[in-house]
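For reference, the chains in residue letters:
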Amino acid sequence: MGKRAGLTTQDYIIDAELPEQTDSYTVISHEAVIKKTKEVLAAHGLEIERELYRCNQGAKIAQGIYHLKYKTTDPDIGLMFCWNNSYDKSMRFRCSIGGYVHKSLASIIGGNMGSWGRKHTGSAYSESLTIIEEQITGADTFFKELIEDKDKMKLMVVDKSDRASFIGRLYLKYDLLTTEQISQIKYELKNSTTDMGSIWEMYNAIIVSLQKAHPRTWMDQQRMAHYLIN
């Protein structure tokens with residue numbers, strides 16, 4: 001896989017070689033994150049419908065995404081929890097409540113989802129487990145906000161010129177998209193058959209393209225794109 005990340009299994013991530021713990025580096029194991037996530041989800045009555053894992057070679061950088069059954073149903077989106085972690089000091093541990101689109105399975109992370117990051121130092125291990133619980137406990141509030149954002153997007157129409165300008169800014173000004181992702185967005189918009197011309201249609205095309213983002217940058221790209229659209 002090299003530098004490019006790809007889908008993998010839970011076992012592959014858990015079996016990855018752990019880095020050495022030092023006075024200046026605290027190990028947060030992928031296995032501990034997975035175990036804690038599943039424990040807290042179960043304690044809150046949130047059943048996992050689908051779990052997806054991505055990593056680079058050796059799982060030095062890993063990502064977990066969980067699509068959840070939730071008491072509040074919506075025709076367009078469902079509830080999600082996700083985390084990113086690294087063994088090579090290239091990024092902080094991060095986790096967030098979010099959503100996913102039923103049709104495409106593309107992830108949604110709101111610009112104000114309270115995504116939390118922590119360097120691998122000091123009490124990072126215990127703090128990371130605590131924040132997983134806090135994020136999942138706040139699911140009601142976060143998911144309600146996502147539904148409100150989505151409903152507003154569906155009601156607002158954007159013309160092709162403004163749409164092209166916005167996507168161009170994501171690429172040229174904010175450096176949130178690659179040329180490959182731009183091509184994916186173009187394809188998605190060309191072949192879309194629902195919500196013609198709405199901001200929701202454009203947003204869907206963008207987040208589908210972000211599914212190919214590297215786990216190291218994916219969460220920031222998701223949150224920033226959502227923030228800018230709002």
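Use the structure listed above.
I will try to describe carefully the structure that is included in this document. (Residues numbered from 1 in each chain as written. Predicted model: local features only at pLDDT ≥ 70, side-chain atom pairs only at ≥ 80, totals over all residues. Heavy atoms only, no water.)

## As for the overall build of the protein chain
Inference 1: When its secondary structure is counted, the protein chain shows 8 helices and 7 strands.
Inference 2: A compact globule built from 230 residues should have a C-alpha radius of gyration of about 17 Å, and the protein chain, at 18 Å, falls within 12% of that.
Inference 3: If one aligns the C-alpha atoms of the protein chain with their principal axes, the spans along those axes are about 55 × 40 × 25 Å.
Inference 4: A total of 230 residues make up the protein chain; the buried ones form 51% of that total.
Inference 5: Counting 29 positive and 29 negative side-chain charges, the protein chain places the averaged centre of each group 5 Å from the other. (Helix = DSSP H or I, 4+ residues; strand = E, 2+ residues; numbered from the N terminus. Rg over C-alpha atoms; globule rule 2.2 N^0.38 Å. Buried < 20%, exposed > 50% of the residue type's maximum accessible area, 1.4 Å probe, protein only. Lys, Arg positive; Asp, Glu negative; His and termini not counted. Charge placed at Lys NZ, Arg CZ, Asp CG, Glu CD.)

## Considerations on the packing of helix 5 (residues 160–172) against helix 6 (residues 179–190)
Inference 1: Running from N to C, helix 5 and helix 6 point in directions that differ by 160 degrees, and their axes come no closer than 11 Å. Taken together, helix 5 and helix 6 sit at an angle that is classed as roughly antiparallel. When the axes of helix 5 and helix 6 are compared, the crossing they make is right-handed. In this structure, helix 5 contributes Arg-163, Ile-167 and Tyr-171 to the contact, and helix 6 contributes Thr-179, Ile-182, Ile-185 and Leu-189.
Inference 2: Considered class by class, the residues forming the contact of helix 5 with helix 6 number 5 nonpolar, 1 polar and 1 charged. (Axes fitted to C-alpha atoms, helices over the stretch in contact; angles between N-to-C directions. Parallel < 35°, antiparallel > 145°, perpendicular 65-115°, else oblique. Left-handed = near helix turned anticlockwise from the far one by under 90°. Contact = heavy atoms within 4.5 Å. Nonpolar A, V, L, I, M, F, W, Y, C, P; charged D, E, K, R; others polar.)

## Here's the deal with the state of the cysteines
Inference 1: Under the defined criterion, the tally for this structure stands at 0 disulfides.
Inference 2: No disulfide involves Cys-95; its nearest neighbouring cysteine sulfur is the one of Cys-82, lying 7.9 Å away.
Inference 3: Note on Cys-95: relative accessible area 0%, which makes it buried. (Disulfide = S-S within 2.5 Å.)

## Description of the environment of Thr-217
Inference 1: Take Thr-217: it is sitting in helix 8 (residues 215–229).
Inference 2: Taking the C-alpha atoms as reference points, Thr-217 and Leu-176, 41 residues apart in sequence, are found 9.1 Å from one another.

## Side note on the nonpolar core
Side chains that are nonpolar tend, in soluble globular proteins, to be buried together.
Inference 1: Formed by 56 residues in total, the largest nonpolar core has its most connected members in Phe-81, Trp-83 and Ile-206.
Inference 2: Element by element, the count of residues in this core is highest for helix 7 (residues 199–209), at 8 residues. (Core = buried A, V, L, I, M, F, W, Y, C linked by side-chain atoms within 4.5 Å.)

## Some remarks on unusual backbone geometry
Inference 1: Notably, Lys-89 is not glycine yet its phi reads approximately 65 degrees, a positive angle.
Inference 2: Within the secondary structure, Lys-89 is located in the loop between strand 4 (77–86) and strand 5 (93–101).
Inference 3: The exposure class assigned to Lys-89 is exposed, which follows from its relative accessible area of 60%.
Inference 4: If you check the backbone angles, Asp-175 has positive phi at about 55 degrees while not being a glycine.

## Considering the packing of helix 5 against helix 7
Inference 1: Running from N to C, helix 5 and helix 7 point in directions that differ by 30 degrees, and their axes come no closer than 12 Å. With respect to helix 7, the element helix 5 is oriented roughly parallel. Where helix 5 crosses over helix 7, the two elements pack in a sense that is right-handed. Along the contact surface, helix 5 presents Arg-163, Phe-166, Ile-167 and Leu-170, while helix 7 presents Glu-201, Met-202 and Ile-206.
Inference 2: A class-by-class count of the residues in the contact of helix 5 with helix 7 yields 5 nonpolar, no polar and 2 charged.

## Quick look at the packing of aromatic side chains
Inference 1: Tallying each qualifying case throughout the model produces 3 aromatic pairs.
Inference 2: Aromatic side chains Tyr-70 and Phe-143 sit 5.3 Å apart centroid to centroid with 90 degrees between the ring planes, which places their arrangement in the edge-to-face category. Here the residue Tyr-70 occupies a position in the loop between strand 3 (61–68) and strand 4, and Phe-143 occupies one in helix 4 (residues 139–155), the gap between them amounting to 73 residues. Each member of the pair Tyr-70 and Phe-143 is classed as buried. (Phe/Tyr/Trp six-rings, centres within 6.5 Å; stacked < 30°, edge-to-face > 60°.)

## A few points about the pattern of salt bridges
Inference 1: Following the criterion strictly, the structure yields 11 salt bridges and no others.
Inference 2: Here Lys-36 makes a salt bridge to Glu-133, at a shortest N to O gap of 3.5 Å. Here Lys-36, found in helix 2 (residues 30–43), pairs with Glu-133, found in helix 3 (residues 124–137); they are 97 residues apart in sequence, far enough to count as distant.
Inference 3: With a relative accessible area of 35%, Glu-133 lands in the partly exposed category.
Inference 4: The salt bridge partner of Lys-71 is Asp-140, with a shortest N-O separation of 3.4 Å. Here the residue Lys-71 occupies a position in the loop between strand 3 and strand 4, and Asp-140 occupies one in helix 4, the gap between them amounting to 69 residues.
Inference 5: Salt bridges sharing common partners tie together Asp-74, Asp-76, Lys-150, Asp-151 and Lys-154. (Salt bridge = Lys/Arg side-chain N within 4 Å of Asp/Glu carboxyl O.)

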